[in-house]
Amino acid sequence: MTRVAVLPDALANQIAAGEVVERPASVVKELVENAIDAEASRVVIAIEEGGRKLIRVVDDGHGMGPDDARLAVLRHATSKIRSTDDLNAIGTLGFRGEALPSIGSVSRFTLVSRRTDDQDASEIVIEGGASTGLSVVGAPVGTRVEVRDLFFNVPARLKFLKRRSTEVSHIKGFVNDIALAYPTLHIKLTSDGRTLCDYPSAKRLDQRILQVLGKATARRMYRVSVEGEVAVHGYISEPGFARTNQQGIHTFVNGRRVRDRTVTHAIVSSYVEHLTRGQFPLAVIYVHVPPDSVDVNVHPAKAEVRFVRPGDVHDTIVRACRLTLAEAPWAGLPGLGRPAPGPPPRPPSREGHRPTGSWAPRPPRNGPSAWSTRYRPDGTRQPQPVPVRRQELVFQTTEQVAVAAASRPNRWLGQAHERYWIVEQPGVVWLLDKTRVALELAAEALRQTPVAASPLLIPAVVEVGADASATLKDWRTPLTALGLEFEAFGHRTWQVLAVPAVLSGAPPQALLLTCARELAGTAPPLADDSGTTTLPAALMGRLASHAPAPPRTDAQRMVDAVIALRGERGLDGLGTCVTVAP
Amino acid sequence: MADVAGRIGLEVPEDLRRHKGWLGHVAEWVLGADAGSKPAPDFEGIGVELKTVPIDAAGKPLESTYVCLATSTNLHDRTWETSLVRKKLAHVMWLPVVAQPGIPLAERRFARALIAELDPADEAILQSDWAEIVELIKLGMVEAITGSTGELLQLRPKAASGRVRVDGIGEDGFAVPTRPRAFYLRTHYTRQLFARHFALPSR
């Protein structure tokens, strides 16, 4: 059998690349997102042959020093998270530390980076996963990454690439999306020397929408905005302006471009009364949720997210869209392409990836946060609850229970033959007749009048003889005090409505007939000062004999109760006692 | 049942196959329920819903209890507090009818009625069930809701025939024809409720 072995780093990186680097657009995505996380204000992308021959991304971000540059190309090396806590509230686009080594493992890769305060830049070259080490070069502040001959060493992946124009289209689609997500970012894309898009920094979101989607589209888009714990902003198209696919729907969650089913479904279903099946609206929608209520660590490409409460997100998007649709602003009011009555929203800010200005201000990403309870205004972390060591707690509790049970003087050990309870007392073991225990307790409870009544779900109809009927009529009031409630139900027929709670489950007909039999030929004595009529003591015993067999769950409680009731008599007469030798 | 129906001049049908809901209608009529088919509790003035529940001789409910139709669209602003399910179940007059097979309809009897307020512990479970079901409807996954979804509350198709369709939201967000569905209380909810308030017949 083949032995288990740890894979070499180069091979592990190539495997990871299978998920991270699907096509040239994936490389562009990873590199541009790194640039944004490096707080770049300008990103220039150049591609050749649809990205197969060359992908170059140049940014003016804060760059890296030699040590960071060296680490950045190692697997799972990242500056973006430090602990599991950070993973629960990710504020950057990247965080996995997989992208650069993955790309380097399937291409000829060059990274040149320089920090503002450094004189020189650091250059790292990797070819098919093998690094030639770090060298010092001259370069402007920021980072330049060149990826040449993508998949040169993985011919199988090359076969999956489409025509040049298709790959270019994917890259352009991504650039458009990222431009919409970051309107203040100047982003430019050239393909084989030809400029495909060049979006200068926009001051407002509507300006960026004009740049990316064009005036004809933008003028038919209308603003949506709902504030709250889940905030939704953006623009949606008028119902008469639709597409036959979802490509006009651009959605962003906390600044991250996503293709999330919940978000898209909410947008489309908002139009349910306006669009026929197969027609999709155009939309640029920004959803903002507390970072800890969304999991972006679902997929390596991070295109999918998972919301803690998808229903809330869905509701808010539908509400936001429907508010605009209900107002029907296209019926006379200006759209985005014409002068709007109020100031248009400013673009999402880079800090925390949230819109500012006319959109509700949000706290900075690392400052005191209204969303997060983990931070205090002074920046110190709130004390976390001391983790409970559950395992220990369970053992301790079980042990305590066991000790308490073992020290109990009358310990119920179990049941035998459905009729007997085995009870241990110091030096003896009892085999108790549980029906006698129940009878004795029931009889005592019946003596404590007034007795609680338990109404019958199905009142029981009982037909009796003339004498018994007369007896029941005479004794009805005192029997009611005993919890046995009944009423006339026709000639010599009585309907039992309730039974003593202690006899709940006993056949009501039998209880009534027992009373009629035991009380036959007698008349109730006059009531005492308190208005209570005393019932014959023997009747209690007779009625108690109908007590249903108690369940095991009541055993210990009933054993304790009967011993407390009997005092010095203990359990004598309730069963058989065996002395246990010490 | 023959007595009650006779008092209001109604003829007792042979069986309920073609007269589904007849028991409930008789009870509503005799007791003066006034909401009719409105989306409100049956006794609108006092906010009490009337629910007839067929039970066997042991007091065990024989079927789940219809609560109300489920809306398939416009659910985004609905909360448990404003939901029709909660409105209907907040105060209920439960009217069990001993109706096990073999007892002719005319001879069936009403058992003990119970007017009960929604128990807080039950409400927490019902709310959670409702939220789960409504979320699936909203997200276009109504077809993924099965009889096992929900601990006390369930969603099931309800229509005179399997061909009836209403507008719902599909998986892609578009309106799709779907079977009308309704909320039902599972039998163990009513069984526990009755056991909590009544002595059940011994078996």
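The structure presented is a predicted model; accordingly, all values stated were derived computationally and were not measured.

Rules behind the numbers
- Residues numbered from 1 in each chain as written.
- Chains lettered and ligands numbered in written order.
- Predicted model: local features only at pLDDT ≥ 70, side-chain atom pairs only at ≥ 80, totals over all residues.
- Heavy atoms only, no water.
- Helix = DSSP H or I, 4+ residues; strand = E, 2+ residues; numbered from the N terminus.
- Buried < 20%, exposed > 50% of the residue type's maximum accessible area, 1.4 Å probe, protein only.
- Contact = heavy atoms within 4.5 Å.
- Areas by Shrake-Rupley, 256 points an atom, 1.4 Å probe, with all protein chains shown as cover.
- Pairing = 2+ DSSP bridges.
- Axes fitted to C-alpha atoms, helices over the stretch in contact; angles between N-to-C directions.
- pLDDT = per-residue confidence, 0-100.
- Core = buried A, V, L, I, M, F, W, Y, C linked by side-chain atoms within 4.5 Å.
- Buried area = accessible area lost by both parts, 1.4 Å probe.
- Salt bridge = Lys/Arg side-chain N within 4 Å of Asp/Glu carboxyl O.
- Polar contact = N/O pair within 3.5 Å; in protein donor to acceptor, adjacent residues only side chain to side chain.
- Patch = residues over 30% accessible without salt bridge, like charges linked within 9 Å, V, L, I, M, F, W, Y side chains within 5 Å.
- Phe/Tyr/Trp six-rings, centres within 6.5 Å; stacked < 30°, edge-to-face > 60°.
- Lys NZ or Arg CZ within 6 Å of the ring centre and 35° of its normal.
- Parallel < 35°, antiparallel > 145°, perpendicular 65-115°, else oblique.
- Left-handed = near helix turned anticlockwise from the far one by under 90°.
- Nonpolar A, V, L, I, M, F, W, Y, C, P; charged D, E, K, R; others polar.
- Expected span 1.5 Å × (residues − 1).

As for the overall build of chain A
- The helix and strand inventory of chain A stands at 17 helices and 24 strands.
- The buried share of chain A, taken over its 582 residues, is 47%.
- Taking as baseline every contact in chain A between residues at least 6 positions apart, the subset at least 24 positions apart corresponds to 67%.
- Taken as a whole, chain A presents about 28700 Å² of accessible surface, with 53% of it coming from carbon and sulfur.

Overview of the sheet that holds strand β6 (residues 142–148) of chain A
All names here are of chain A.
- Taken together, the eight strands give an open sheet; going across it, the order is β5-β4-β3-β6-β2-β1-β7-β8, and neighbouring strands pair in mixed fashion. For this open sheet the edge positions go to β5 (130–137) and β8 (194–199), each flanked by a neighbour on one side alone. Neighbour-to-neighbour, the strand axes of the sheet open up by a mean angle of 10°, direction not taken into account.
- Pairing between strand β3 (residues 108–114) and strand β4 (residues 121–127): six bridges, direction antiparallel. Within the sheet, the bridge partner assigned to V112 lies in β4 and is E123.
- Each of β1 (42–48), β7 (186–191) and β8 touches helix α7 (residues 164–181); the most contacted strand, β7, lies at about 175° to it.

Brief notes about the confidence of the model for chain B
All names here are of chain B.
- Per-residue pLDDT for chain B has a mean of 88; in total, 98% of the residues score no lower than 70.
- Within chain B, the element-level pLDDT minimum falls on strand β7 (residues 166–169), averaging 84, and the maximum on strand β9 (residues 181–185), averaging 95.
- Of the two predicted TM-score estimates for the complex, the pTM is 0.64 and the ipTM is 0.85.

Considering the nonpolar core
- The biggest cluster of nonpolar side chains holds 57 residues, and the ones touching the most others in it are A:L31, A:V32, A:V43, A:I45, A:F109, A:V147 and A:I187.
- Here this core takes eight residues from α7(A), the largest share from any one element.
- Beyond its immediate chain neighbours, meaning those up to four positions away, A:F109 contacts A:V73, A:L100, A:I103, A:G104, A:I124, A:V125, A:I126, A:V145, A:E146 and A:V147.
- A:L457, B:L114, B:L193 and B:F198 belong to the second-largest nonpolar core, a separate cluster that totals 35 residues.

Focus: the interface of chain A and chain B
- Each partner contributes to the interface: chain A provides 33 residues, whereas chain B provides 33 residues.
- Taken together, the two surfaces of chain A and chain B that pack against each other cover about 2700 Å², and 57% of this comes from carbon and sulfur.
- Its largest share of buried area at the contact with chain B, chain A owes to A:R277, A:L457 and A:I458, together 27% of the area lost on that side.
- Where chain A packs against chain B, one counts two salt bridges.
- Two residues, A:R277 and B:D172, come together in a salt bridge whose shortest N-O distance is 2.9 Å.
- Our count for the chain A to chain B interface comes out at 17 residue pairs in polar contact (both at pLDDT 80 or more).
- Of all elements in the fold, only α10 (261–270), α11 (310–327), β21 (453–463) and β23 (493–500) of chain A reach the threshold of two or more residues within the side of chain A that touches chain B.

A short note on unusual backbone geometry
Residues and elements named next belong to chain A.
- The phi torsion at F151 lies on the positive side, around 65°, for a residue other than glycine.
- With respect to the helices and strands, the residue F151 is situated in the loop between β6 and α6 (155–158).
- Assessed through its relative accessible area of 1%, F151 is described here as buried.

Looking at a nonpolar patch on the surface
Residue and element names in this part refer to chain B.
- Where nonpolar side chains cluster on the molecular surface, the patch consists of W29, V30 and L31 and spans about 310 Å² of accessible area.
- Along the polypeptide, V30 turns up in helix α2 (residues 22–31).
- We classify V30 as partly exposed; its relative accessible area is 43%.

Focus on the pattern of salt bridges
All names here are of chain A.
- Within the structure shown, the criterion is met by 32 salt bridges over all chains.
- Notably, a salt bridge pairs E146 with R56, separated by 2.9 Å at the nearest N-O pair. Here E146, found in strand β6, pairs with R56, found in strand β2 (residues 54–59); they are 90 residues apart in sequence, far enough to count as distant.
- Relative accessible area serves as the criterion here: at 14%, E146 is assigned to the buried category.
- Each of the salt bridges in this network shares a partner with another, and the network as a whole consists of R56, R144, E146 and R148.

Side note on the environment of B:Q100
Residues and elements named next belong to chain B.
- As for its placement among the helices and strands, Q100 is situated in the loop between β3 (91–98) and β4 (109–110).
- You can call Q100 partly exposed: its relative accessible area is 26%.
- Sequence separation of Q100 and I55 is 45 residues, and the distance between their C-alpha atoms is 6.5 Å.
- Filtering out sequence-adjacent residues up to four positions away, Q100 remains in contact with I55, D56, A57, L62 and R108.

Describing the sheet that holds strand β13 (residues 256–258) of chain A
All names here are of chain A.
- Spatially, five strands are ordered β9-β10-β15-β12-β13 in an open sheet, and the strand pairing comes out mixed. Looking at which strands have only one partner, the edges of the open sheet turn out to be β9 (221–226) and β13. Between one strand axis and the next, the sheet turns through 20° on average, direction left out of account.
- Direction of pairing for β9 relative to strand β10 (residues 231–237): antiparallel, over a ladder of six bridges. Bridging across to β10, S225 finds its partner in H233.
- Lying on the sheet, α7 is in contact with β12 (249–253), β13 and β15 (283–288); it crosses β12 at an angle near 55°.

A look at the packing of aromatic side chains
All names here are of chain B.
- Per the stated rule, a full pass over the model turns up eight aromatic pairs over all chains.
- Within the aromatic cluster, the residues linked to one another by ring pairs are W94, Y189, F194 and F198.
- In this structure, R156 is placed above the aromatic ring of Y184, and the distance from its NZ or CZ to the ring centre is 3.9 Å.
- Over the aromatic face of Y66 sits the side chain of K158, whose NZ or CZ is 4.3 Å from the ring centroid.

Comments concerning the environment of A:G541
- By the element assignment, A:G541 lies in helix α16 (residues 537–544).
- In this structure the C-alpha to C-alpha distance between A:G541 and A:L439, which are 102 residues apart in sequence, comes to 7.5 Å.

Points about the confidence of the model for chain A
- Model confidence for chain A is summarised by a mean pLDDT of 79, while 77% of its residues fall at 70 or above.
- Low confidence marks residues 337–405 of chain A, where pLDDT is under 50. Its contacts with residues over four positions away, or in another chain, come to 110 contacts.

Here we look at the pairing of β2(A)
- As defined by bridge partners, β1(A) adjoins β2(A) across six bridges and the pair is classed as antiparallel. Its bridge partner being in β2(A), A:V43 is matched across the sheet by A:D59.

Quick word on the packing of helix α13 (residues 434–447) of chain A against α16(A)
Residue and element names in this part refer to chain A.
- Running from N to C, α13 and α16 cross one another at 135°; their axes reach a closest spacing of 8 Å. For the element pair α13 / α16, the angle class is oblique. Viewed along their axes, α13 and α16 form a crossing whose handedness is right-handed. In this structure, α13 contributes L439, A442, A443, L446 and R447 to the contact, and α16 contributes M540, L543 and A544.
- Residue composition of the contact of α13 with α16, grouped by class: seven nonpolar, no polar and one charged.

Comments concerning helix α2 (residues 24–37) of chain A
All names here are of chain A.
- Taking 1.5 Å per residue, 14 residues should reach 20 Å; α2 reaches 20 Å between its end C-alpha atoms and fits that length.
- Of all 14 residues in α2, 13 are buried, a share of seventy percent or more.
- Phi turns positive, to about 60°, at E39, one or two residues after α2.

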